[in-house]
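# What the coordinates show
One letter stands for each residue in the lines below.
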Amino acid sequence: QVQLVESGGGLVQPGGSLRLSCAASGLNFEDYHARWYRQAPGKGRESVATFTASGIINYADSVKGRFTISKNNGKSTVSLQMNSLRPDDTAVYFCNVYRLPRDYWGQGIQVTVSS
């Protein structure tokens, strides 16, 4: 049974940092791409950062220079280090692990940036 479990969310002040982690089980993690999505109140789902199976990394323009995605195949985890957080980073963040035809999702975790 494939399972993705997210951790690390919470409340942080503007300018602060959080680190999200997504732990995968039940699949050969190194063969999959990984992506972090977020969904803010009143907005659609947004792709934040991608780390492909071959090591290609992409970021949304809104987080470039502030967020860092990493993928550890030995630990079957993908993480998102979030620095210099802004109120508009507030959202539910989802881990997505995928390789056609498969597509797996974490449960979602709340990140709130507020003073």
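Here we summarise the structure given alongside this text. What you see is a predicted model; the values in this text were computed from it and never measured.

Attention shifts here to the packing of aromatic side chains. Summed over the entire model, instances satisfying the criterion amount to three aromatic pairs. Centroid distance Tyr32 to Tyr104: 6.2 Å. Interplanar angle 50°. Geometry classified as tilted. Taken together, the residues Tyr32 in the loop between strand S3 (18–25) and strand S4 (33–39) and Tyr104 in strand S10 (residues 102–105) connect sequence positions 72 residues apart. Summarising the aromatic geometry, the rings of Tyr37 and Trp105 are spaced 5.2 Å apart at their centres and angled 35° between planes, so their arrangement reads as tilted. Of this pair, Tyr37 sits in strand S4 while Trp105 is found in strand S10, placing the two residues 68 residues apart along the sequence. Ring pairing ties together the aromatic residues Tyr37, Phe94 and Trp105, which thus form one cluster. The aromatic ring of Tyr37 is capped on one face by Arg45, whose charged end is 5.8 Å from the ring centroid.

In this section: the state of the cysteines. Following the criterion strictly, the structure yields one disulfide and no others. Here Cys22 connects covalently by a disulfide to Cys95, the sulfurs 2.2 Å from one another. Its S-S torsion of approximately -80° makes the covalent link between Cys22 and Cys95 left-handed. Here the residue Cys22 occupies a position in strand S3, and Cys95 occupies one in strand S9 (residues 91–99), the gap between them amounting to 73 residues.

Moving on: the sheet that holds strand S8 (residues 77–82). The strands that make up a sheet are held in pairs by hydrogen bonds between backbone atoms, and each pair lies either parallel or antiparallel. If you walk across this open sheet you meet the four strands as S1-S3-S8-S7, and the pairing is antiparallel. Where the open sheet ends on each side, the last strands, each with one partner, are strand S1 (3–7) and strand S7 (67–72). Across the sheet, the mean angle from the axis of one strand to that of its neighbour is 15°, orientation sign disregarded. Where S1 lies against S3, five bridges are found, and the strand directions are antiparallel. Paired with Glu6 across the two strands is Cys22, which belongs to S3.

Tracing the backbone shows Ser79 in strand S8. If we skip the residues at most four places from it in the chain, Ser79 touches Arg19, Leu20, Ser21, Trp36, Thr68, Ile69 and Ser70.

For the bond running from Leu100 to Pro101, omega is 5°, close enough to zero to count as cis. Topologically, Pro101 is positioned in the loop between S9 and S10. Despite not being glycine, Ser76 has its phi angle at roughly 55°, a positive value. Assessed through its relative accessible area of 17%, Ser76 is described here as buried. The phi dihedral of Ser84 falls on the positive side, at around 50°, and the residue is not glycine.

Thresholds applied
Residues numbered from 1 in each chain as written. Predicted model: local features only at pLDDT ≥ 70, side-chain atom pairs only at ≥ 80, totals over all residues. Heavy atoms only, no water. Phe/Tyr/Trp six-rings, centres within 6.5 Å; stacked < 30°, edge-to-face > 60°. Helix = DSSP H or I, 4+ residues; strand = E, 2+ residues; numbered from the N terminus. Lys NZ or Arg CZ within 6 Å of the ring centre and 35° of its normal. Disulfide = S-S within 2.5 Å. Pairing = 2+ DSSP bridges. Axes fitted to C-alpha atoms, helices over the stretch in contact; angles between N-to-C directions. Contact = heavy atoms within 4.5 Å. Buried < 20%, exposed > 50% of the residue type's maximum accessible area, 1.4 Å probe, protein only.

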